[in-house]
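Chain by chain, the residues:
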Amino acid sequence: MFAGIIVNSESIALDKIFTYKVPEDLEDKLKIGQIVNIPFGRGNKLVMGFVYSINNEIQSDYNKIKSIHSIKIVEETFTEDNINLIEYIKENYLSTYLEALKLFIPTGILSGARRKTKMVLYTGKALDDKYDKDPYKSIFNLIKFNEGKFIKNDICQRLNISTSPLNTLIKHGYITAGDKVVNRYNTREYEAYLKKDLSEAQKDVFNEIILGENNVYLLKGVTGSGKTEVYMNLVEEYMKRGKSSIVLVPEIALTPQMVERFKGRFGRDIAIFHSRLSDGERFDEWYRVKEGKAKLAIGARSALFLPFSNLGLIIVDEEHENSYKSESDPKYHIRDIAVFLSKNNNCRVVFGSATPSIESYHNARNGEYKLVQLNNRIDGATMPLITLVDMREELKNNNRSIFSKQLYEEINLRLSKKEQIILFLNRRGYSTFVSCRKCGFVFKCPNCDISLTYHTNGRLICHYCGHQEGSRNTCPKCSSSYVKYFGVGTEKLEKEINKTFPSARTIRMDFDTTRKKDSYEEIYKTFKNGKADILLGTQMIAKGLDFPNVTLVGVISADLSLNLPDFRASERTFQLITQVAGRAGRDKKLGKVLVQTYTPEHYSLQLAKNYDYEGFYKDEIKIREFMSDPPFSKIMLINLSSEKEELLINKSNDVAIHLKKEYKSDEFSILGPSPCIIGKIKSMFRWQIIVKGNIANDTAHNIKNSVYNLIKDVYNDIRINIDINPNNLL
Ligand code: ADP
Ligand code: ZN
Ligand code: ZN
């Protein structure tokens, strides 16, 4: 018997399947997905490997083949069923075997994360005369009424005794000790979230998805149209059929509401999977899915790789979000993986959004996905009125504050009516730009090509690498004292709100206020329970939150996302305005949205204002086609970075010249090299080459190999990062 083994090494040269003999004593035990120790290389050093295949084919060089040494981890970390997907990811995203299979493995298992147990106490034989007195009797009785609940320490603390009488009882068999598994996941009870009668529109959508012939659906439903309710009914239907479901949300730590609703409906046996879990929690969640104890998982991207054995349904909520694209290897997109699973595992996929990505809507229009729609809010509530506020006019009228006159008045009005307000600003920190008025010096990060952001704690911080320095009142270049702070971040917005609306209770939600594990949920609850009037924050607050008492949403500056030099900038802005607007007026009260901008004439703002998704899609898809941008092409972004700028420029040129010569094709073009828009991050200079067009998978692989080959001699100095259809080209 032989086994194909993937070696646990990042080296690209070792990215292949190695054949090993299976020793006789392991023949019955060895399974795909197990982790084994294998002798490797000339010195036969023992290294870890993953069992990828098992077969009986006679190998020609039989005598040279080494044997597996031993099984290191018996748990099957992935199954035969996953192999197709691993191959797919390797093919389509140019990843290595190891990178692809690690998606299925809870991080931590390699460094020893296991089930956690504790030693709990039970009663043994009955107390006889000798011990039928205190403290023995109290100990015995306490345990008798709490079999399997207490550990030694609990007993000693409760009875305020030393361990010695307890040990005596254990020694003589009156008390026994046993291991009990400690589950490290959240077992909190949630308030019941009652099932609602679906509206006619919801029923239609539900039936179309359940009964339809397609496997992949795009549910386009305006914000507040009751998509989540449809999701829950679908999950329930699949549970009835004995099938499991996965519900993906952009970033679960950021969506307590989704967890609240699903746990409130389906109970506690729901695995929650996201980036903020500890290794132990992650292991336990993974394990309970594997054991079949959880039939539903809610999670971020990574939850799609949980070991469900009978997957029936995948829901991808807010499918347009860019966090569905992985930015580390393998750089897969959830959309592709879900569609792959719909075929491979014959499960149903629902992509949901009020503002589908251009790619998905395109797929729906050409029949690849089946489009289903919810065009109205529940109870016929109207969409909030969106008004674009021209900030150029404010300047003309001498209003230099962050708030336009209209926004100022509306906030006051809502405060007086005891209604809630959400203010959105997609930049954290206090001032986002610090410079000298006299000589023009800009305080920049020494490691990155990025200006430093001033924070209220007095520090200048780089949002790319975390570099910090104390702020200064004099210019390091010309020594003048004309150092000025420009640009508004959320900290400054908060301060301005407190100054302008002193009676309002304000809370801020951004990266800086949500670093602690449960802080997001706390802020969410505070606002939900009406203990704050104004919630301000970054894009974190744009997503799926449902607060019935919010009647005003203000976008402090729509220009920030519009002005990004990226082909998705218009799309992102359209989505952002629509999503943020969706936070207003979700109940009976009419909502209002004010969007402050210096370019109110921009098509994506004009169309967002009218909730005209169709119109936006039509405009945008024309531009994409004209520019041959996705979905009309594939983009392969080859990013080269190095601390040595000159070497990098030379090599980038070499690579580009070579690729252009070797891969000449009418199907795609090779552009560059050019410096990236952000020219330096973490002390690494950055250049890029873009391949754009109809690139076959094997061509992409060949290009990748060529790049690695061309860089081989300076491999230690230049880092290569290749991304297929990246989120942005920064
Ligand atoms: P979406 O996910 O489309 O933004 P939600 O599912 O959050 O919308 O629904 C918006 C609001 O309407 C929620 O408060 C939800 O409880 C309520 N709702 C949804 N469906 C129904 C229904 N069939 N009957 C009554 N209320 C509903
Ligand atoms: Zn200066
Ligand atoms: Zn930096």
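In this text, all values refer to a predicted model and were calculated from it rather than measured experimentally. (Residues numbered from 1 in each chain as written. Chains lettered and ligands numbered in written order. Predicted model: local features only at pLDDT ≥ 70, side-chain atom pairs only at ≥ 80, totals over all residues. Heavy atoms only, no water.)

1. Overview of the pattern of salt bridges
Throughout the structure, instances matching the rule amount to 34 salt bridges. Of the charged contacts in the structure, one is a salt bridge between Asp329 and Lys331, with a shortest N-O distance of 2.8 Å. Look at Lys331 and you get buried, because its relative accessible area is 3%. Through salt bridges with shared partners, a single ionic network connects Glu410, Arg414, Glu419 and Lys592. (Salt bridge = Lys/Arg side-chain N within 4 Å of Asp/Glu carboxyl O. Buried < 20%, exposed > 50% of the residue type's maximum accessible area, 1.4 Å probe, protein only.)

2. Quick look at the coordination of the zinc ion (ligand 2)
Protein-derived coordination of the zinc ion (ligand 2) comes from Cys436 (SG), Cys439 (SG), Cys475 (SG) and Cys478 (SG), at a distance range of 2.3 to 2.4 Å. Viewed at the metal, the 4 donor atoms of the zinc ion (ligand 2) are separated by angles of 105 to 113°, and the geometry they form is tetrahedral. All donors to the zinc ion (ligand 2) come from one chain, and their sequence spacing reads C-x2-C-x35-C-x2-C. Within this pair, whereas Cys439 is found in the loop between β17 (433-436) and β18 (453-454), its partner Cys478 is found in the loop between β20 (468-470) and β21 (483-486), the two being separated by 39 residues in sequence. You can call Cys439 partly exposed: its relative accessible area is 30%. Classification of Cys478 as partly exposed rests on a relative accessible area of 28%. (Donors = N, O, S within 2.8 Å, 3.2 Å for Na, K, Ca; no water. Tetrahedral: all angles 85-135°; square planar, octahedral: opposite > 155°, others 65-115°. Helix = DSSP H or I, 4+ residues; strand = E, 2+ residues; numbered from the N terminus.)

3. Brief notes about the domain arrangement of the protein chain
When the domains of the protein chain are assigned, the result is domain 1 (2-105), domain 2 (117-182), domain 3 (200-378), domain 4 (385-432 + 487-620) and domain 5 (634-724). Distance between the C-alpha centres of domain 2 and domain 3: 47 Å. (Domains from an automatic or database assignment.)

4. Some thoughts on the coordination of the zinc ion (ligand 3)
Surrounding the zinc ion (ligand 3) are the protein donor atoms Cys445 (SG), Cys448 (SG), Cys462 (SG) and Cys465 (SG), at 2.2 to 2.4 Å. Classification of the site at the zinc ion (ligand 3) as tetrahedral follows from its 4 donor atoms and the range of 104 to 111° in their angles at the metal. Donor residues for the zinc ion (ligand 3) sit on one chain with the sequence pattern C-x2-C-x13-C-x2-C. Taken as a pair, Cys448 in the loop between β17 and β18 and Cys465 in the loop between β19 (459-461) and β20 lie far apart in primary sequence, 17 residues in all. We classify Cys448 as buried; its relative accessible area is 2%.

5. Quick word on the packing of aromatic side chains
For any pair of aromatic rings, the description rests on two quantities: the centre-to-centre distance and the angle between the ring planes. Scanning the model with the defined rule gives 26 aromatic pairs in all. An angle of 15° between the planes, with centres 6.0 Å apart, marks the rings of Tyr603 and Phe616 as stacked. With Tyr603 in helix α18 (residues 603-609) and Phe616 in helix α19 (residues 613-627), this pair connects stretches of sequence that are 13 residues apart. Residue classification places Phe616 among the buried positions, given a relative accessible area of 1%. (Phe/Tyr/Trp six-rings, centres within 6.5 Å; stacked < 30°, edge-to-face > 60°.)

6. Description of the site of ligand 1
As a structural note, the neighbourhood of ligand 1 is formed by 18 residues, with Asp197, Gln202, Gly224, Thr228 and Asp546 the closest of them. At 3.2 Å from an oxygen atom of ligand 1 is found a main-chain nitrogen or oxygen belonging to Ser225. Note that an oxygen atom of ligand 1 is positioned 3.0 Å from one of the side-chain N or O atoms of Arg261. For ligand 1, whose unbound accessible area comes to 560 Å², protein coverage reaches 81%. Here the shell around ligand 1 takes 3 residues from helix α7 (residues 227-240), the largest share from any one element. Its residues placed into classes, the shell around ligand 1 shows 4 nonpolar, 7 polar and 7 charged. (Near = heavy atom within 4 Å. Polar contact = N/O pair within 3.5 Å; in protein donor to acceptor, adjacent residues only side chain to side chain. Areas by Shrake-Rupley, 256 points an atom, 1.4 Å probe, with all protein chains shown as cover. Nonpolar A, V, L, I, M, F, W, Y, C, P; charged D, E, K, R; others polar.)

7. Side note on the packing of helix α6 (residues 200-211) against α7
Working note: a packed helix pair is described by the angle between its axes plus the distance between those axes. Running from amino to carboxyl end, α6 crosses α7 at an angle of 40°, the nearest separation of the two axes being 10 Å. As far as their axial angle goes, α7 and α6 are oblique. Relative to α7, α6 is oriented so that their crossing is right-handed. Here Gln202, Val205, Phe206, Ile209 and Ile210 of α6 lie close against α7, whose contacting residues are Glu229, Val230, Asn233, Leu234, Glu237 and Tyr238. In the contact of α6 with α7, the residues fall into 7 nonpolar, 2 polar and 2 charged. (Axes fitted to C-alpha atoms, helices over the stretch in contact; angles between N-to-C directions. Parallel < 35°, antiparallel > 145°, perpendicular 65-115°, else oblique. Left-handed = near helix turned anticlockwise from the far one by under 90°. Contact = heavy atoms within 4.5 Å.)

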